[in-house]
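# Fold and contact review
Spelled out from the first residue to the last, the chains are:
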Amino acid sequence: MNYLRNHPARIAAALAALAQLLTARWSDIDWYSMAAVVAALLGVGEVAQRVENGKTREALHETSPNDALAELHTQLAEYEQNHSLASEPQKSAR
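This write-up is about the structure you can find in this document. None of the values given here were measured: they were computed from a predicted structure.

Turning our eyes to something else, we now look at a nonpolar patch on the surface. A cluster of nonpolar side chains, L15, L18, L21, L22 and W26, forms an exposed patch at the surface whose accessible area comes to about 470 Å². Looking at where L18 falls in the secondary structure, it is placed in helix 2 (residues 8–25).

And the structure:
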């Protein structure tokens with residue numbers, strides 16, 4: 001079940017490929033049955049899209065471990081700007 005949640009798009013693609021393989025292999029398939037299979041594949045694709053969108057929403061709401069590093073980098077840049085030799089007035093050597 002965990003595989004289904006992690007890879008819904010792969011499963012939908014495999015089912016779609018299987019349906020095409022079946023129609024290529026056996027051309028005398030009842031088209032009403034094939035229409036039902038195509039409708040089911042559209043439903044599976046919709047479910048896969050919603051699962052992927054949910055995973056994206058969850059990922060966007062998680063904090064990144066790089067956020068703390070970015071904050072440290074900002075603090076260091078401010079420190080360097082306030083304490084650099086270039087920001088101090090130059091003393092004349094005359």
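Summarising the element assignment, G45 is placed in helix 3 (residues 31–60). Distance from G45 to A13, taken between C-alpha atoms, is 8.3 Å for residues 32 residues apart in sequence.

This part is about the pattern of salt bridges. Applying the stated rule across the entire model yields two salt bridges. E46 is paired through a salt bridge with R50; the nearest N and O atoms lie 2.8 Å apart. Separated by four residues within a single helix, E46 and R50 lie in helix 3, roughly one turn from each other. The class for E46 is partly exposed, based on a relative accessible area of 34%. Residue classification places R50 among the exposed residues on the basis of a relative accessible area of 58%.

What counts as what
- Residues numbered from 1 in each chain as written.
- Predicted model: local features only at pLDDT ≥ 70, side-chain atom pairs only at ≥ 80, totals over all residues.
- Heavy atoms only, no water.
- Patch = residues over 30% accessible without salt bridge, like charges linked within 9 Å, V, L, I, M, F, W, Y side chains within 5 Å.
- Areas by Shrake-Rupley, 256 points an atom, 1.4 Å probe, with all protein chains shown as cover.
- Salt bridge = Lys/Arg side-chain N within 4 Å of Asp/Glu carboxyl O.
- Helix = DSSP H or I, 4+ residues; strand = E, 2+ residues; numbered from the N terminus.
- Buried < 20%, exposed > 50% of the residue type's maximum accessible area, 1.4 Å probe, protein only.

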